[in-house]
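Letter by letter, the chains look like this.
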Amino acid sequence: MDGKWQDTGRKAEGKVLERRLSDSTDVCRLDMKSAYSSVEGLGRLERTFAYDRREGGSFVVEDVFECEKPVSFETALTTRAQWKVVSGNCLELSSGNEKMQVWIESSAPVSFTSDTVEVNSPAYSRIGIVLKGKSGKGYIRMKMMPVKK
């Protein structure tokens, strides 16, 4: 957030704001503001995870932020799968015979970055999903679904 990495340790711990479990859908919403104490004027940073078991299943990760001043914002997806950009708002990940699409909805257009990370484990890709421009509030939502064969 705003070019700053997430803080570490106990002080950066997310706080559970909501947890709903049902036969069809599980949702967990976290307050992540404490993980970015160095971002001046940060009013809100929440991450929501939602798993939907219906119609083949989907998993959504959404980040929402509000700040007193315009900031740059990005989130990331990490994977060991092969991946490619299918369109300006869709990625495809594949491993063996399995494929998954990641649909991105956001408050502004996004761009993608890619880095290979090798830290005490086999290498993986960090795919950055970056909001273009700066804003005082916004969101990035990633909806992951298997590609039907």
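Residues numbered from 1 in each chain as written. Predicted model: local features only at pLDDT ≥ 70, side-chain atom pairs only at ≥ 80, totals over all residues. Heavy atoms only, no water.

Q: Describe the sheet that holds strand β1 (residues 15-21), listing the residues and the values that go with them.
A: Think of a sheet as strands paired side by side through backbone hydrogen bonds, with each pair either parallel or antiparallel. The sheet built from eight strands is open, its strands ordered β1-β2-β3-β4-β11-β8-β7-β6 with antiparallel pairing. What marks the edges here is a single partner per strand, and that holds for β1 and β6 (82-87). Neighbour to neighbour, the strand axes of the sheet diverge by 15° on average, direction disregarded. In this structure, strand β3 (residues 42-52) lies alongside strand β4 (residues 58-71), joined through 10 bridges in antiparallel fashion. Of the residues in β4, the one forming a bridge with D52 is S58. (Pairing = 2+ DSSP bridges. Helix = DSSP H or I, 4+ residues; strand = E, 2+ residues; numbered from the N terminus. Axes fitted to C-alpha atoms, helices over the stretch in contact; angles between N-to-C directions.)

Q: Outline the pattern of salt bridges, supporting the account with residue identities and numerical values.
A: When the charged atoms of two side chains lie near each other, side chains of opposite charge can form a pair. Under the counting rule described, the total for this entry stands at 16 salt bridges. The partner of D2 in a salt bridge is K134, with the nearest N and O atoms 4.0 Å apart. Taken together, the residues D2 in the segment before β1 and K134 in the loop between β10 (124-131) and β11 (135-146) connect sequence positions 132 residues apart. The salt bridge partner of R20 is E18, with a shortest N-O separation of 2.6 Å. Taking relative accessible area as the criterion, R20 reaches 47% and is therefore assigned partly exposed. Salt bridges linked by common partners bring E18, R20, R29, R44, E46 and E66 together as one network. (Salt bridge = Lys/Arg side-chain N within 4 Å of Asp/Glu carboxyl O. Buried < 20%, exposed > 50% of the residue type's maximum accessible area, 1.4 Å probe, protein only.)

Q: Pulling in residues and values, what's your account of the nonpolar core?
A: The biggest cluster of nonpolar side chains holds 27 residues, and the ones touching the most others in it are M1, L45, L77, V102, I104 and M142. Elements with a minimum of two residues in this core: β3, β4, β7 (90-95), β8 (98-106), β10 and β11. With four residues, the top contributor of residues to this core is β4. What M142 contacts, discounting residues up to four positions off in sequence, is F59, V60, V61, T75, A76, L77, V102, W103, I104 and I129. (Core = buried A, V, L, I, M, F, W, Y, C linked by side-chain atoms within 4.5 Å. Contact = heavy atoms within 4.5 Å.)

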